[in-house]
Amino acid sequence: MRTEFSLEQLADPDIAEIDSILRKCVHCGFCTATCPTYRLTGDELDGPRGRIYLMKEMFEADRPADDVARDHLDRCLGCLSCMTTCPSGVDYGRLVEHGKAHVEATAPRALPDRLMRSLLALMLPGRGRFRLAMTLGRLAAPVLRRLPGRLGAMGWLVPAAPAGTMAIRPGTEHGVAGASKGRVALLIGCIQPVLRPSVDAAAVRLLNRHGIEVVVPEAGCCGALPLHMGKVERARATAARLVDALAPGLDGLDAVVVTVSGCGTTVKDYGHLLKDDPVRAAPAARIAALARDVSEVLDGVALQVGDTVKGRAVAYHDACSLRHGQRVTAPKRLLAKAGFTVREPVNPHLCCGSAGTYNMLQPELSAALGKDKAAALAATGAEMIVAGNIGCLTQIAAQGDTPVVHTVELLDWATGGPMPPALQVS
Ligand code: SF4
Ligand code: SF4
């Protein structure tokens, strides 16, 4: 794609990066066919190629984002399915990160929209605040669910069961009885310990059972949620806090393990996110290099599999952040090794509509994607659905009746741990 940035514009490293990404695009439109939002609306501007043109015009003209660019970029899930499809290696993810940040900084928004975004950015990335929001949300859910739009969507996303007690505490160490085969830091994050404390508990048991020591740092949100909303400075500040918490303990670690794949994608990109931070650039790059989805660590381990789950059918939902963001393929392999019969839904590349805060900010599109995904997974006939991202687990559980569990909960069960709580109540 030909671009028309001035030399002065290109002196800005961000514009230089945008320019080099745009130049790789050959307008072929292959990406459009695999874009979930284009499939729903049929509008070229709701597909990657259309959004690329919108961003090109916006940045070349060096102008604030207008309503059209804002709305079509807001509707982008950030699922990165387009990057997997693109034959020219266009880094749409980085481009849309710049685009969303520009929208956030310059586009006009109605007051309710601004308030909603500020509220989400304040409440979500903190365990205490999020727990409070869930408690209030559960009380309000019966009323919220009668309302249309964003408030109604929030009502449906609040799980019926109360938030569990945090099973794995920050600042703890979980050693192994025999010889250690490795030592990892486990990032427990902000949302998952409140919505599904059973996941990190299963991860610690599973890693310990296979000889891997686990340290749980005093660290909170990784910055993925504010980044998703285009709040880049807030994301950097949040990531900086996590780097400060982790950096002193990096020596002797084999990996920094993440059990939420949406967070893992962000942590693996810390080297870029904090590249201009004079104090944190080096430790951030080190953390990014050590970051692994929990399934990647387990892929190198001989699983101690029993007969408990032999032949039980699971439908595997490939979270976009694993499939497109990190290109991690280990979970299906591990589940099969553990004895499960793994089934896949039709169109496994399509997003479930969770996408960070998307399910609250774009409720209609998100619900349509969530219903399609839940139906496709249920159509496999499997008795349970498995995924590696808390956003997907919550979204799919809200749209269907089949129990939904995390990959590590199943692997823990298959190797001697308890049956996951979501299966015990079904
Ligand atoms: S990130 Fe997903 S929703 Fe956005 S343009 Fe790419 S495929 Fe479409
Ligand atoms: S597939 Fe790649 S090169 Fe083709 S239009 Fe999409 S982003 Fe551009």
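Worth saying up front: this structure is predicted, and the values here are computed from it rather than measured.

Asks: Can you walk me through the site of ligand 1 in this structure?
Replies: By nearness alone, 13 residues border ligand 1, and Cys35, Arg51, Cys76, Cys79 and Cys82 come closest of all. Looking at the shell around ligand 1, the elements that each hand over two or more residues are α4 (36–41), α5 (48–60) and α7 (81–85). The residue inventory of the shell around ligand 1, partitioned by class, reads 9 nonpolar, 3 polar and 1 charged.

Asks: Help me understand the site of ligand 2 in this model?
Replies: Within the structure, ligand 2 sits among 13 residues, and Cys25, Cys28, Gly29, Cys31 and Cys86 are positioned closest to it. Sorting the residues of the shell around ligand 2 by element identifies α3 (30–33) and α5 as the ones contributing at least two each. Across the shell around ligand 2, the residue classes break down as 9 nonpolar, 3 polar and 1 charged.

Asks: Please clarify how the nonpolar core should be interpreted in this entry.
Replies: Soluble, globular proteins show a tendency: their nonpolar side chains are buried together. Core analysis: the biggest nonpolar cluster contains 40 residues, and Leu298, Phe340, Val408, Leu410 and Leu411 have the highest contact counts within it. A per-element tally of this core places helix α13 (residues 197–209) first, with 7 residues. Among the domains, domain 3 (172–298) and domain 4 (313–424) are the pair contributing at least three residues each to this core. Not counting the four nearest positions on each side in its chain, valine 408 is found in contact with Val199, Ala202, Ala203, Leu206, Val294 and Leu298. Judged by nonpolar contacts, the second largest core, of 32 residues, contains Phe130, Ile191, Val260 and Ala382.

Asks: Please clarify how the packing of α13 against helix α25 (residues 407–414) should be interpreted in this entry.
Replies: When two helices pack together, their arrangement is given by the angle between the helix axes and by the axis-to-axis distance. Running from N to C, α13 and α25 cross one another at 45°; their axes reach a closest spacing of 8 Å. With respect to α25, the axis of α13 lies oblique. Here the hand of the crossing between α13 and α25 comes out left-handed. On α25, the residues touching Ser198, Val199, Ala202, Ala203, Arg205, Leu206 and Arg209 of α13 are Val408, Glu409, Leu411 and Asp412. When its residues are assigned to classes, the contact of α13 with α25 shows 6 nonpolar, 1 polar and 4 charged.

How each quantity is defined
- Residues numbered from 1 in each chain as written.
- Chains lettered and ligands numbered in written order.
- Predicted model: local features only at pLDDT ≥ 70, side-chain atom pairs only at ≥ 80, totals over all residues.
- Heavy atoms only, no water.
- Near = heavy atom within 4 Å.
- Helix = DSSP H or I, 4+ residues; strand = E, 2+ residues; numbered from the N terminus.
- Nonpolar A, V, L, I, M, F, W, Y, C, P; charged D, E, K, R; others polar.
- Core = buried A, V, L, I, M, F, W, Y, C linked by side-chain atoms within 4.5 Å.
- Buried < 20%, exposed > 50% of the residue type's maximum accessible area, 1.4 Å probe, protein only.
- Domains from an automatic or database assignment.
- Contact = heavy atoms within 4.5 Å.
- Axes fitted to C-alpha atoms, helices over the stretch in contact; angles between N-to-C directions.
- Parallel < 35°, antiparallel > 145°, perpendicular 65-115°, else oblique.
- Left-handed = near helix turned anticlockwise from the far one by under 90°.

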